[in-house]
Amino acid sequence: MDWIFRAIVFSIVVFSGCIDEAVAVLAGTLAKCDVEGSIDVPMVADNPCIRCFCRNSMVVCDVEKCGPLDCSLEDIINPPGECCPKCKHGKMCKMEDITYAHGQTWRHGCSQCECVNGENVCRVVPCEKKQIVCLQNFELKTPAGECCPRCVERESVCTVFGDPHYRTYDGKMFDFQGNCKYTLTKLCSDEAAFNIRVRNHVRLYENYAWTKMAAVQLNKTRIFLLQRMLVRVERKTVDLPYEHDGFNITIEDMSIVVRASNGIKIVWDGDSYLEVTVPAKLKTKLCGLCGNYNGDPSDDFIGKNGKRVHDSKEFGDQWRVGGKCLKPNRSNKPSPCLNPSVFSHKMLAHQECSFLFTPAFAKCREVLPVRPYYKACVTDVCDCPSNMQCSCEALIAYTKACARFNIVAEWKTPHFCGTPKCIYGSKYEKCMSACLRTCENPTADRNCNRPCVPGCECAPGLVLHKNRCVKFSRCKRLLQKRT
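In this text the structure is predicted, and so the values were computed from the model without any measurement. Think of each chain on its own: its residues are numbered from 1, step by step along the sequence as written. Only residues with pLDDT of 70 or above have their local features reported here, since the model is predicted, and side-chain atom pairs are shown and tallied only from 80 upward, although totals for entire chains, interfaces and linings are computed over all residues. As a convention, hydrogens and water are excluded, and side-chain values are obtained from all of the structure's heavy atoms.

1. With respect to the overall build of the protein chain
To keep it simple, the criterion reads: In this text, helices come from DSSP runs of H or I with a minimum length of four residues, and strands from runs of E with a minimum of two, each type numbered from the N-terminal end. Residue-level accessible areas treat just the shown protein chains as cover; the underlying method is Shrake-Rupley with a 1.4 Å probe.
Helix and strand counts for the protein chain stand at 6 helices and 34 strands. Looking at the protein chain as shown, the accessible area adds up to about 27,800 Å², and 52% of this sits on carbon and sulfur atoms.

2. Some points on the state of the cysteines
Stated formally: Two cysteine sulfur atoms make up a disulfide if the distance between them is within 2.5 Å. Partly exposed residues are those whose accessible area sits between 20% and 50% of the maximum for their type, while under 20% is buried and over 50% is exposed, using a 1.4 Å probe and protein chains only.
For the structure on display, the rule yields 14 disulfides. Two residues share a disulfide in this structure: cysteine 439 and cysteine 475, whose sulfurs sit 2.1 Å from each other. Residues cysteine 439 and cysteine 475 share a disulfide whose torsion about the S-S bond is about -75 degrees; that sign makes it left-handed. One end of the pair, cysteine 439, is in the loop between strand E31 (426-432) and strand E32 (453-458); the other, cysteine 475, is in helix H6 (residues 475-482), and 36 residues separate them in sequence. By relative accessible area, which is 5% here, cysteine 439 ends up buried.

3. Here's the deal with a positive patch on the surface
To keep things clear, this is the line we draw: Every patch collects residues that have over 30% relative accessible area and no salt bridge, joining them within 9 Å if they carry like charges and within 5 Å if they are nonpolar side chains (Val, Leu, Ile, Met, Phe, Trp, Tyr). A side-chain nitrogen of Lys or Arg and a carboxyl oxygen of Asp or Glu constitute a salt bridge if their distance falls within 4 Å. A residue counts as positive if it is Lys or Arg and as negative if it is Asp or Glu; His and the chain ends are not included. The atoms used to mark charge sites are NZ of Lys, CZ of Arg, CG of Asp and CD of Glu.
A cluster of like positive charges, contributed by Arg232, Arg235, Lys466, Arg468, Lys471, Arg474, Arg477 and Lys481, occupies part of the molecular surface. Contributions of two or more residues to the positive patch are made by strand E34 (468-471) and H6. Inspection of the secondary structure puts arginine 474 in the loop between E34 and H6. On the basis of relative accessibility, which here comes to 31%, the residue arginine 474 falls in the partly exposed class.

4. Quick notes on the confidence of the model for the protein chain
Parts of the prediction with low pLDDT should not have their coordinates interpreted in detail. Going by this rule: The pLDDT score gives, residue by residue, the confidence of the prediction method on a 0 to 100 scale. Every residue pair with non-hydrogen atoms within 4.5 Å of one another is taken to be in contact.
Mean pLDDT over the protein chain stands at 80; residues scoring 70 or higher make up 82%. When the criterion is pLDDT under 50, residues 1-30 qualifies, and its contacts beyond four places in sequence or with other chains add up to 45 contacts.

5. Some remarks on the packing of helix H4 (residues 371-382) against helix H5 (residues 392-403)
Note the cut-off: A fitted line through C-alpha atoms serves as each axis, taken over the contacting stretch for helices, and the angle formed by two N-to-C directions is quoted from 0 to 180°. In what follows, roughly perpendicular refers to angles from 65 to 115 degrees, roughly parallel to angles under 35, roughly antiparallel to angles over 145, and oblique to any angle outside these ranges. Each crossing gets its hand from how the near helix is turned against the far one by less than a right angle, where anticlockwise is left-handed and clockwise is right-handed. Gly is put with the polar residues, along with every residue not named as nonpolar or charged; the nonpolar set is Ala, Val, Leu, Ile, Met, Phe, Trp, Tyr, Cys and Pro, and the charged set is Asp, Glu, Lys and Arg.
H5 packs onto H4 with a crossing angle of 160 degrees between their chain directions and a minimal axis gap of 9 Å. For the element pair H4 / H5, the angle class is roughly antiparallel. The two elements H4 and H5 cross, and the hand of that crossing is right-handed. Seen from H4, the contacting residues are Tyr373, Cys377 and Asp380; seen from H5, they are Ala394, Ala397, Tyr398 and Ala401. Within the contact of H4 with H5, the residues separate by chemical class into 6 nonpolar, no polar and 1 charged.

6. Here we look at the sheet that holds strand E11 (residues 111-116)
For the record, the criterion: Strands are treated as partners if at least two bridges between them are detected by DSSP.
Taking strand neighbours across the sheet as the criterion, the 3 strands line up as E10-E11-E12 in an open arrangement whose pairing is antiparallel. Strands at the two margins of the open sheet, each flanked by one partner only, are strand E10 (105-108) and strand E12 (119-124). Going from strand to strand, the sheet's axes swing by 30 degrees on average, the running direction of each strand aside. Strand direction decides the pairing type here: E10 and E11, joined by 4 bridges, are antiparallel. Within the sheet, the bridge partner assigned to threonine 105 lies in E11 and is glutamate 114.

7. Re the packing of aromatic side chains
Going by this rule: Aromatic rings from Phe, Tyr and Trp, with only the six-membered ring used for Trp, were paired whenever their centres fell within 6.5 Å, and each pair was classed as stacked if the ring planes differed by under 30 degrees, edge-to-face if by over 60, and tilted otherwise.
Within the structure shown, the criterion is met by 13 aromatic pairs. When the ring of phenylalanine 174 is compared with that of phenylalanine 315, the centres are 5.6 Å apart and the planes differ by 75 degrees; the resulting orientation is edge-to-face. Linking phenylalanine 174 in strand E17 (residues 173-175) with phenylalanine 315 in helix H1 (residues 312-318), this pair joins segments that are 141 residues apart in sequence. With relative accessibility at 7%, the residue phenylalanine 174 sits in the buried group. According to the relative accessible area criterion, phenylalanine 315 is buried, its value standing at 0%. Judged by centre distance (5.7 Å) and plane angle (50 degrees), the rings of phenylalanine 361 and tyrosine 398 are tilted. One end of the pair, phenylalanine 361, is in the loop between helix H2 (344-353) and helix H3 (362-367); the other, tyrosine 398, is in helix H5, with 37 residues separating them in the sequence.

8. Details of H5
Which entries qualify depends on this criterion: By this rule, a helix spans an expected 1.5 Å times one less than how many residues it contains.
Between its first and last C-alpha, H5 extends 16 Å over 12 residues, near the 16 Å set by a 1.5 Å rise per residue. Most of H5 is tucked away: 9 of the 12 residues are buried. Listed in full, the buried residues belonging to H5 are Cys392, Glu393, Ala394, Leu395, Ala397, Tyr398, Thr399, Ala401 and Cys402. Lining the buried residues of H5 we find strand E15 (156-161), H3 and H4.

9. Side note on the nonpolar core
Rules: Definition used in this section: a nonpolar core is a set of buried Ala, Val, Leu, Ile, Met, Phe, Trp, Tyr and Cys residues joined via side-chain atoms within 4.5 Å.
Of all hydrophobic cores here, the largest spans 45 residues; its most connected members are Leu184, Phe194, Ile223, Leu225, Ile249, Ile266 and Val278. Apart from residues no more than four positions distant in its own chain, phenylalanine 194 is found in contact with Thr185, Lys186, Leu187, Gln217, Leu218, Ile264, Val276, Val278 and Leu286. Core analysis: the second largest hydrophobic core is formed by 28 residues, Leu356, Cys364, Leu395 and Cys417 among them.

10. Here we look at the side chain of asparagine 200
Selection criterion: Polar contact criterion, stated in full: a pair of N or O atoms within 3.5 Å, where within protein one must be able to donate a hydrogen and the other to accept it, and residues adjacent in sequence count only if both atoms are side-chain atoms.
The residue asparagine 200 is located in strand E19 (residues 194-202) in this model. Side-chain polar atoms of asparagine 200 contact the side chain of tyrosine 166, separated by 3.3 Å.

11. Some remarks on the sheet that holds strand E28 (residues 274-278)
Overall, antiparallel pairing links the 8 strands, which are arranged E17-E16-E15-E28-E27-E26-E25-E24 in an open sheet. Edge positions in the open sheet fall to E17 and strand E24 (242-244), since each of these has one partner strand only. Each neighbouring strand pair of the sheet contributes to a mean axis angle of 15 degrees, computed without reference to strand direction. Along the sheet, H4 contacts E15, strand E16 (165-167) and E17; its crossing angle with E16, the most-contacted strand, is approximately 160 degrees. H5 contacts E15, strand E27 (265-268) and E28 of the sheet and is inclined by roughly 175 degrees relative to E15.

12. Brief notes about the pattern of salt bridges
Going through the model one piece at a time under the given rule, you end up with 10 salt bridges. Across the salt bridge formed by glutamate 153 and lysine 283, the nearest N and O atoms sit 2.6 Å from each other. Of this pair, glutamate 153 sits in strand E14 (residues 150-153) while lysine 283 sits in the loop between E28 and strand E29 (286-287), and the two are 130 residues apart along the sequence. Among the residues examined, lysine 283 registers a relative accessible area of 25% and is labelled partly exposed. Linking arginine 259 and glutamate 252 is a salt bridge whose minimum nitrogen-to-oxygen distance equals 2.6 Å. Residues joined in a network through salt bridges with shared partners are Lys186, Glu191 and Arg197.

Following this line, the structure appears as structure tokens:
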């Protein structure tokens, strides 16, 4: 085959003291060729930086360009038959401002990485392919900062509901009808860091009490959860949502929710339902009416003096704080449910609470005893004002307890513990903005990045102020009055 080449030397490349020719072959000036693919051209056959090919019956030559090296001059080598010099031990790599040598491996998040001649090669580390079964009070989850799921101890919940009934962190249920102020739960070693006190009061009949308010202390900041969804921080009424250093307060699903940065969560329904959730790191460090949180319900009745008692009344009295108690009004009478000659009232209570034994709670009853909640429900209905559905708190408490076993009970209807009554000027919405319009932040709902929640929402043109829906035009005067 005859070859006709017209080539020019287009540049001189200087690298580490060596000089090589780089040849550019001008398009359209090469001879024709017959066999497609790589071919040898006599003029440049000894130059490894030039590769010639037969493409579409024309000879075309490409010039390889060499990039910079990440190594010192003494580590540079020129491998025989290769165009570009290389580092003796391969190129170095860099990830997040950290330099790695060729062949070095490291862990990056959930991946195992290796430096391969200047390139970061990372592969996700697989988790063990085996079924993990967790013990009771543990759940399978992937903790923050870890890559694979493992059994992690669940958060624990203490619940207060009805007239009032207590379910401790360890699951012990008891009733206590004291009408004073009591320590519900606190950090035994430092109550200034975490402490919740509740105020109980007689509602209708002298035999029963209910939780009227809760005073929460988080790192020396006091929060008061009051009736009708009112909240005070250090004695000052605040609008919700409220942000503070170390905690925030919101309204979710018709309840006030306090979330602390240390993992503690408090839910208050504005009436008498109170729920305290604590992380597992506080295990064995708490005391009060919610128990000692050590996983054993049999020793929850430990008083303020550290001694064990056997009676719920004695236990409750041990955690009484302050000297003043609220006395029953003269109008308070004995409950008709306690009168053996009056059967109708108690029969109605049993009939209403028997809803706990319907198919709606069938799966719940398989994992959680229903009798304590049924008994609590009957007590609540017996002490129920005529304008309230007092069985709802026991039903809701049982539903939430079952939810912690990943069992969902669908039973609410618009006429039975369903749609709540909203304040004047608001309307119940199944999916309203979680960021409420208030006098202080009238456009909060426009830039809300949280998922919607069910609740009462002020009508267009109105904003929330001190648990009332008011015209926005009144906000300036209302805020000035507050200061």
